[in-house]
Amino acid sequence: RDLMDMEVKPEPWRPHWYERRVQPCVAELLGSALFVFIGCLSALEEPAGAGRLQPALAHGLALAVAVAVLGNI
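Notes on the structure follow. (Residues numbered from 1 in each chain as written. Predicted model: local features only at pLDDT ≥ 70, side-chain atom pairs only at ≥ 80, totals over all residues. Heavy atoms only, no water.)

## With respect to the side chain of Ser42
Alright, step 1. By the secondary structure assignment, Ser42 is in helix α1 (residues 17-44).
Alright, step 2. When near neighbours in sequence (up to four residues on either side) are disregarded, Ser42 contacts Gln54, Pro55 and Ala58. (Helix = DSSP H or I, 4+ residues; strand = E, 2+ residues; numbered from the N terminus. Contact = heavy atoms within 4.5 Å.)

If you want it as structure tokens, here you go:
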């Protein structure tokens, strides 16, 4: 066969090293920082009788908002 008759398959698309390695680490860092910040803020001023419920609700609501906002990504 002639060299011109052969089909050349393109290489499959691979994401850039930044998208594979750096972006997941930055996302994890920001997410963890958000939840630690929200947890610390919710435990600062403890109203009488709230106990463990207030930080638990703060984390749960923060997670629900993050899923609702970023769920389509």
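From this point, things continue past the structure.
## Some words on the packing of α1 against helix α2 (residues 53-70)
Alright, step 1. The geometry of α1 relative to α2 is characterised by a closest axis approach of 8 Å and an angle of 145° between their N-to-C directions. In the crossing of α1 with α2, the sense of the turn from one axis to the other is right-handed. Counted together, Phe35, Ile38, Gly39, Ser42 and Ala43 of α1 and Gln54, Pro55, Ala58, His59, Ala62 and Leu63 of α2 form the full contact between these two elements.
Alright, step 2. When grouped by side-chain class, the residues that make up the contact of α1 with α2 number 7 nonpolar, 4 polar and no charged. (Axes fitted to C-alpha atoms, helices over the stretch in contact; angles between N-to-C directions. Left-handed = near helix turned anticlockwise from the far one by under 90°. Nonpolar A, V, L, I, M, F, W, Y, C, P; charged D, E, K, R; others polar.)

## Thoughts on a nonpolar patch on the surface
Alright, step 1. Side chains of Phe37, Leu41 and Leu44 sit close together on the surface and give an oily, nonpolar patch of about 350 Å² of accessible area.
Alright, step 2. Note that Leu44 resides in helix α1. (Patch = residues over 30% accessible without salt bridge, like charges linked within 9 Å, V, L, I, M, F, W, Y side chains within 5 Å. Areas by Shrake-Rupley, 256 points an atom, 1.4 Å probe, with all protein chains shown as cover. Salt bridge = Lys/Arg side-chain N within 4 Å of Asp/Glu carboxyl O.)

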